Amino acid sequence: MRTTYREAMRAAIRDALARDDRVFLMGEDVGRYGGCFAVSLGLLEEFGPERVRDTPLSESAFVGAGIGAALGGMRPIVEIMTVNFSLLALDQIVNNAATLLHMSGGQCNVPLVIRMTTGAGRQLAAQHSHSLEGWYAHVPGLKVVAPATLEDARGMLWTALCDPDPVVIFEHGGLYNLEGDLADDAGPTPIEGAAVRRKGIDVTLVAYGGMVGKALEAAEVVAAEGIEAEVLDLRALRPLDTVAIVESVAATHRAVVIDEGWRTGGLSAEVAALIAEDAFYDLDAPVRRVCSAEVPIPYAKHLEDAALPQVADIAAAARLSVGVGGG
Amino acid sequence: MRTTYREAMRAAIRDALARDDRVFLMGEDVGRYGGCFAVSLGLLEEFGPERVRDTPLSESAFVGAGIGAALGGMRPIVEIMTVNFSLLALDQIVNNAATLLHMSGGQCNVPLVIRMTTGAGRQLAAQHSHSLEGWYAHVPGLKVVAPATLEDARGMLWTALCDPDPVVIFEHGGLYNLEGDLADDAGPTPIEGAAVRRKGIDVTLVAYGGMVGKALEAAEVVAAEGIEAEVLDLRALRPLDTVAIVESVAATHRAVVIDEGWRTGGLSAEVAALIAEDAFYDLDAPVRRVCSAEVPIPYAKHLEDAALPQVADIAAAARLSVGVGGG
Amino acid sequence: MMLDHGLPDHDWTADRDHGVHLLRRMIEIRRFEERCVELYSAASIRGFVHLYIGEEAVAVGVMEALTPDDAVVATYREHGQALARGVPAAAVMAEMYGRVEGASRGRGGSMHIFDVARRFYGGNAIVGGGLPVAAGLALADRLRGLPRVTACFFGEGAVAEGEFHETMNLAALWRLPVLFCCENNLYAMGTALERSESATDLALKAAAYGMLAWPVDGMDVVAVETAARRAALEVRAGGGPAFLELRTYRFRAHSMYDPERYRAREEVEMWRARDPITVLSDRLKWAEVLTDAELATIESEIATEVDDAVAAAEAGTFEPVEDLTRFVYSEAPA
Amino acid sequence: MMLDHGLPDHDWTADRDHGVHLLRRMIEIRRFEERCVELYSAASIRGFVHLYIGEEAVAVGVMEALTPDDAVVATYREHGQALARGVPAAAVMAEMYGRVEGASRGRGGSMHIFDVARRFYGGNAIVGGGLPVAAGLALADRLRGLPRVTACFFGEGAVAEGEFHETMNLAALWRLPVLFCCENNLYAMGTALERSESATDLALKAAAYGMLAWPVDGMDVVAVETAARRAALEVRAGGGPAFLELRTYRFRAHSMYDPERYRAREEVEMWRARDPITVLSDRLKWAEVLTDAELATIESEIATEVDDAVAAAEAGTFEPVEDLTRFVYSEAPA
Ligand SMILES: Cc1ncc(C[n+]2csc(CCOP(=O)(O)OP(=O)(O)O)c2C)c(N)n1
Ligand SMILES: Cc1ncc(C[n+]2csc(CCOP(=O)(O)OP(=O)(O)O)c2C)c(N)n1
Ligand SMILES: [Mg+2]
Ligand SMILES: [Mg+2]
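Here is what the cut-offs are and how they apply
Residues numbered from 1 in each chain as written. Chains lettered and ligands numbered in written order. Predicted model: local features only at pLDDT ≥ 70, side-chain atom pairs only at ≥ 80, totals over all residues. Heavy atoms only, no water. Helix = DSSP H or I, 4+ residues; strand = E, 2+ residues; numbered from the N terminus. Contact = heavy atoms within 4.5 Å. Areas by Shrake-Rupley, 256 points an atom, 1.4 Å probe, with all protein chains shown as cover. Lys, Arg positive; Asp, Glu negative; His and termini not counted. Charge placed at Lys NZ, Arg CZ, Asp CG, Glu CD. Buried area = accessible area lost by both parts, 1.4 Å probe. Salt bridge = Lys/Arg side-chain N within 4 Å of Asp/Glu carboxyl O. Least-squares fit on C-alpha atoms with pLDDT ≥ 70 in both. Donors = N, O, S within 2.8 Å, 3.2 Å for Na, K, Ca; no water. Buried < 20%, exposed > 50% of the residue type's maximum accessible area, 1.4 Å probe, protein only. Core = buried A, V, L, I, M, F, W, Y, C linked by side-chain atoms within 4.5 Å. Phe/Tyr/Trp six-rings, centres within 6.5 Å; stacked < 30°, edge-to-face > 60°. Lys NZ or Arg CZ within 6 Å of the ring centre and 35° of its normal. Near = heavy atom within 4 Å. Polar contact = N/O pair within 3.5 Å; in protein donor to acceptor, adjacent residues only side chain to side chain. Nonpolar A, V, L, I, M, F, W, Y, C, P; charged D, E, K, R; others polar.

**Details of the overall build of chain A**
Summing up its helical and strand segments, chain A has 13 helices and 14 strands in all. Based on the C-alpha atoms only, the size of chain A along its principal axes is roughly 60 × 45 × 40 Å. Intrachain contacts of chain A at a sequence separation of at least 6 include 81% that bridge at least 24 residues. Here chain A displays about 8,500 Å² of accessible surface, and carbon together with sulfur accounts for 51% of that area. Both charge centroids of chain A, one from 26 positive and one from 44 negative side chains, sit 2 Å from each other.

**Some details on the interface of chain D and chain C**
Taken residue by residue, the interface counts 19 residues in chain D and 19 residues in chain C. Together chain D and chain C conceal approximately 1,400 Å² of surface at their shared face, both sides included; 47% is due to carbon and sulfur atoms. The largest contributions to the chain D side of the interface with chain C come from His-165, Leu-173 and Ser-198 of chain D, which together make up 37% of the buried area. Inspection of the region where chain D meets chain C yields 0 salt bridges.

**Describing the relation of the copies chain A and chain B**
If you rotate chain A by 180° and push it 0.0 Å along the axis, it lands on chain B with an RMSD of 0.0 Å. The transformation relating the two chain copies, once decomposed into turn and shift, fits a two-fold axis. Taking C-alpha positions as reference, the residue of chain A nearest the rotation axis is Ala-273 of chain A, located at 2.3 Å. Of the interface residues in chain A, 100% have counterparts in chain B that sit at the interface too, so the contact is made through matching surfaces.

**Considerations on the relation of the copies chain D and chain C**
The operation relating chain D to chain C is a screw motion whose rotation component is 180°, with 0.0 Å of axial translation and a residual RMSD of 0.0 Å. The residues that chain D uses at the interface reappear at the interface of chain C in 100% of cases, marking a shared surface.

**Comments concerning the coordination of the magnesium ion (ligand 3)**
All names here are of chain C. Distances from the magnesium ion (ligand 3) to its protein donors, Glu-156 (OE), Asn-185 (OD1) and Tyr-187 (O), fall within 2.0 to 2.2 Å. Along the chain, the residues donating to the magnesium ion (ligand 3) are arranged with the sequence spacing E-x28-N-x1-Y. Of this pair, Glu-156 sits in the loop between strand E3 (150-155) and helix H6 (162-173) while Tyr-187 sits in strand E5 (residues 187-188), and the two are 31 residues apart along the sequence. For Tyr-187, a relative accessible area of 9% corresponds to the buried category.

**What to know about the nonpolar core**
Residues Ile-275 of chain A together with Ile-275 of chain B are the most contacted members of the largest nonpolar core, which totals 384 residues. Counting residues per element, this core draws most heavily on helix H1 (residues 12-41) of chain C, which supplies 12 residues.

**So, the packing of aromatic side chains**
Two aromatic rings are characterised by how far apart their centres lie and by the angle between their planes. Counted according to the given criterion, the structure contains 27 aromatic pairs over all chains. Geometrically, the ring pair formed by Phe-280 of chain A and Tyr-281 of chain A is edge-to-face, given 4.9 Å between the ring centres and 85° between the ring planes. Tyr-281 of chain A gets classed as exposed once you look at its relative accessible area, which sits at 65%. Through pairs of rings, three or more aromatic residues link up here, namely Tyr-33 of chain A together with Tyr-187, Tyr-249, Tyr-262 and Trp-271 of chain D. Sitting over the face of the ring of Trp-174 of chain C, Arg-53 of chain A holds its NZ or CZ atom 4.2 Å from the ring centroid. Against the face of Trp-158 of chain B rests Arg-19 of chain B, its NZ or CZ located 3.9 Å from the ring centre.

**Considering the coordination of the magnesium ion (ligand 4)**
Residues and elements named next belong to chain D. Each protein donor to the magnesium ion (ligand 4) is listed here as Glu-156 (OE), Asn-185 (OD1) and Tyr-187 (O); together their distances run 2.0 to 2.2 Å. Read N to C, the donor residues that coordinate the magnesium ion (ligand 4) are spaced as E-x28-N-x1-Y. Linking Glu-156 in the loop between strand E3 (150-155) and helix H6 (162-173) with Asn-185 in the loop between strand E4 (178-184) and strand E5 (187-188), this pair joins segments that are 29 residues apart in sequence. Residue classification places Asn-185 among the buried positions, given a relative accessible area of 5%.

**Points about the pattern of salt bridges**
All chains considered together, the criterion is met by 101 salt bridges over all chains. The salt bridge partner of Asp-15 of chain B is Arg-19 of chain B, with a shortest N-O separation of 3.4 Å. One end of the pair, Asp-15 of chain B, and the other, Arg-19 of chain B, are both in helix H1 (residues 5-19), 4 residues apart, so they sit about a helical turn from each other. For Arg-35 of chain D, the salt bridge is made with Glu-38 of chain D, and the minimal N-O distance between the two is 3.9 Å. With Arg-35 of chain D and Glu-38 of chain D both in helix H1 (residues 16-41) and 3 residues apart, this pair spans about one turn of that helix. One network of salt bridges, with partners in common, ties together Asp-152, Arg-197, Asp-233 and Arg-235 of chain A.

**Observations regarding the site of ligand 2**
Every one of the 22 residues lining ligand 2 counts as a neighbour, but Glu-59 of chain A together with Tyr-76, Arg-77, Gly-157 and Asn-185 of chain D are closest to it. Taken together, the residues near ligand 2 originate from chains A and D. Interatomic distance of 2.9 Å between a side-chain N/O atom of Asn-185 of chain D and an oxygen atom of ligand 2. For ligand 2, the protein covers 97% of the area, taking 580 Å² as the surface of the free molecule. A per-class count over the shell around ligand 2 returns 12 nonpolar, 5 polar and 5 charged.

**Notes on the site of ligand 1**
Taken together, 22 residues surround ligand 1, and among them Glu-59 of chain B together with Tyr-76, Arg-77, Asn-185 and Tyr-187 of chain C come closest. Close to ligand 1, residues of chains B and C are found. Ala-125 of chain C places a main-chain nitrogen or oxygen 2.9 Å from a nitrogen atom of ligand 1. Contact between ligand 1 and Gly-157 of chain C: an oxygen atom at 2.9 Å from a main-chain N or O atom of the residue.

Given below as structure tokens:
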């Protein structure tokens, strides 16, 4: 079946709403408007306003209400339009969703799924271009995933809904129009574990979300030069699949971490650090990171392009890593 | 002069209020109550309610008002009681304070100082024990410091106030009662640059804020065993003093990073990653990290102690790093 | 038996048992917390501890209006709510002792008492942070068609928080079955209401969201119960949320100790004269349904209860350190 | 010349020049934005672009009440405010072209127009995010003893945000000189006001914080100007903040395109019949102070201005990529 990432996500939500009465979708403009990225288009008509709930612009309240509803026996899917606005709900996510189970000595699990769009690349400037997945991945009590493929867009939601604890799903804005074939019977996919998207022996490119595609492109570029890069899609950002990362690097002896977040203190730092810790004696070269420049993302296209990790940057890092191209 | 960290901080605020009409202090209970940690005790009486302003419990509004006041020609010191509540103001800090200069093409600098208490160790449980310095250090546009000594408690504020851009000061709650001698004429100290607090040749212990004291204690412990640890106090968390870190590690060939934040994706990851990148060929052993356990901080003392980095953990990591004690 | 009103001509003869029940509940909280003070001084209890002393009528009165199926969300100042809801004193005390037998296995402490069996959802230490959660619990009930009420306690200081506003609007807009119980004790730490709110009539403020709201004498447990019953009735019947501004006062410091530079001794004395326990016991005595001897018996029974709670807490066990990272994620059912 | 009121018997003969000035301002914004639509289709402009078409009377009317010393804080839908405040059309256009000559050197785009010389503090794309900043600008003025006003624009959707509530309270509590200009265009993206607010009388809501507040016909520029002048006078005189609910309507999609499934075509038509430009031009013509020929001249002058702005933008330069990380921190004075 030919489909898009957007449609796959919509199919996942529809499926969940149809399968389980406890599931409902809530967020800004998910209903009448059809979702700010048209993900939930048509679902209001299909499931009605109680189960596809438009909320006021009150990020903290409706995310917190999702937490409460989860405690109260429901399985809410809360959509925050974008990660940029999730800062307004971070208190609820960090201080309630992530802590309630522990603070209550195991009594209050929070089976909540939060979906949000992330990333830059569409000239939306500094306030609308954040990539803060690394922040969420820092928080014990949360699980964090970044579907990068049609299969995962279709499959991760249900698994997340079946999880007893809060799961945050990051959908990169640049992926919604991604088109491809998806099996008609595509089912749930795990919300833990990385996946090798391309086999290779010379260097491991570790990426997630919107950067997986760019890493694969870069792998093709360097393949033409005789460098066989392995591309590892993290898929789950918390917990990280340390084993898969270390295994791949143990085989290739070289690693490049690609992250659309800012470099300093981003998720890339964790991946680089754990490689340096756990695969130290396997490494033939320092881990390299290809991240966004340390700048609020600018509007102008040439500046935005320069700020974000590009295929050429990844290819260059891969070359340097294997010792080609100076440096 | 015998003084405490609390008094040094108070002296710094008093001094700033006295020196510059544009400076004012605002936050919850900074006035009548005297500050939730008694830092601003007496300042309301000395400077009056216009310059020592008690705010309602409205973290977002009063931090945003600090940003606006800075744009409007003032030099506000905004106190957020603790980092835990700063999540409620994070939108203002990340989307306004940190971005306005860039987004306006250089027109709107924000000379704002935000102070907040951070850290655990006083049995305050999951919602009151965060160490999120690493999140702030991730954000371009902010400068972030963590005074760990009396000199820096006394000296960093004025430098921060003279800075044209937003500076976030993290005061570890466990430090307020730290007592010691401070020169009567103690003046401003830089808000950039790390400082070696103890010379050593065998391993570098990188720490900041509340962990500097523990690192120094651990250094004494292993010194008794013949291991000479160098203790590097980061002081500035953004920008990180990469040069000082790399220089020290280049000399000792071994590094242990100590961070009260959670390990995964914390500031420790950045420090470890940059050592692995920039000092790769100098390293004789993998970088080790001593961080908080990946758990919302529990109330019970024995569990909290187990969750936080302790002197013994640091000493053990130092030993492992130099190849003593297994591993 | 349900009280009709709290007027002075109340028929205490008919309601004697209920009156004594309310009194006992309040005294239980008072004596429990007085013991907390001692134990804190002895360092048996640590962390932040916020006492409810002076405000007992609020929690005790409101809880009378709730059924076991209803839910409660409270703040860090929640010993009173927990005890009034029926969380055993031993579990609350053991929690402060950091023991496995504690309400939250010692992981929460004074600020995070949980008891899901009693639908007591904590114990939230972020001012305003419990409100959205309460709205969500109520939303779940609405979606599930359950005629339940969620009572949400918070201080008047929380009214300045954005989360208050967002939740009030959401609850009113969606007509969620939340009973908002605003404990107006006039201070948020050292900040007096009039230095926190531009408009200090909190019930009026709530009414502006389009919900039933009124102020209540929070020092009179009968008035509180009456108001809570009326409000809960409306809420349960589908009338949307309701808001009670419970006017009360904390007799002690904000947390265990504070220098109290922010209020006058006379003001405290004035409020102490309206001590909710004395108010009720005086009325019961005046109505000649309670004797000093009976009161002494109640006191001594409660003293024993508190002693027992402390003894149980002290005999409690510590969670093994190896279990530190339990309850970060749910455990697979065995 | 100051308008006294917007009644139909207004003396347009005396106020002719001012009337034409207002009309010109509104047409400038309209034609500028119509060109934006074309340029967006041609991909000369990118990102999110939110049009003000239909709402021109609001920005134009309010700006009349401000002095050059006053400050303005706006939203992502701020072309109108920027132009009405006097930011040159060329600078706004160049900004959307991503050029150095842009108001924000091309780093902000449509949503982040800044012009500090005109005290135009952006261009904020987080709903509600500008309000606290406006309160802070006003606080600075208060502390510095400057009799200035900060006008803060935001949509009715922002009223549901916690930041709205916190700022309204803070401004009223501290009596800060903020003029809150709520552009009630009835929708926040696809969410109608009545599905966003439990109480939809926004002026009443604002008044509940204890500030002067009233609703204004936002399709009538004269009414807006009159209201803004009265409000600004109070604010400037130290009367604390004021709030205007400016009732208006956006004629176009929320952002450049949207399917508009959330509102009826008839509703849009009804509002279009109250187009603020037609309303004013008809009145001026009816009062016989404006001829069709004069209007045509204005239109053609404006067309030239817009052409010039586009030409200037297209001729603009790009920031060198090497300068990417400039303006993350302030540059040391040379
Ligand atoms: C968001 C947030 N800000 C600040 C604090 C610190 N704090 C704890 S209790 C308190 C006062 C709250 O006052 P109120 O809501 O009136 O409740 P009360 O303590 O009087 O019962 C404050 C400021 C906090 N816990 N959370
Ligand atoms: C905090 C936040 N939430 C959501 C958005 C996405 N968003 C952009 S504009 C908008 C609608 C705002 O409506 P309103 O305030 O009425 O202003 P209008 O667009 O009608 O002028 C939304 C939801 C945002 N920018 N910021
Ligand atoms: Mg209070
Ligand atoms: Mg609107």
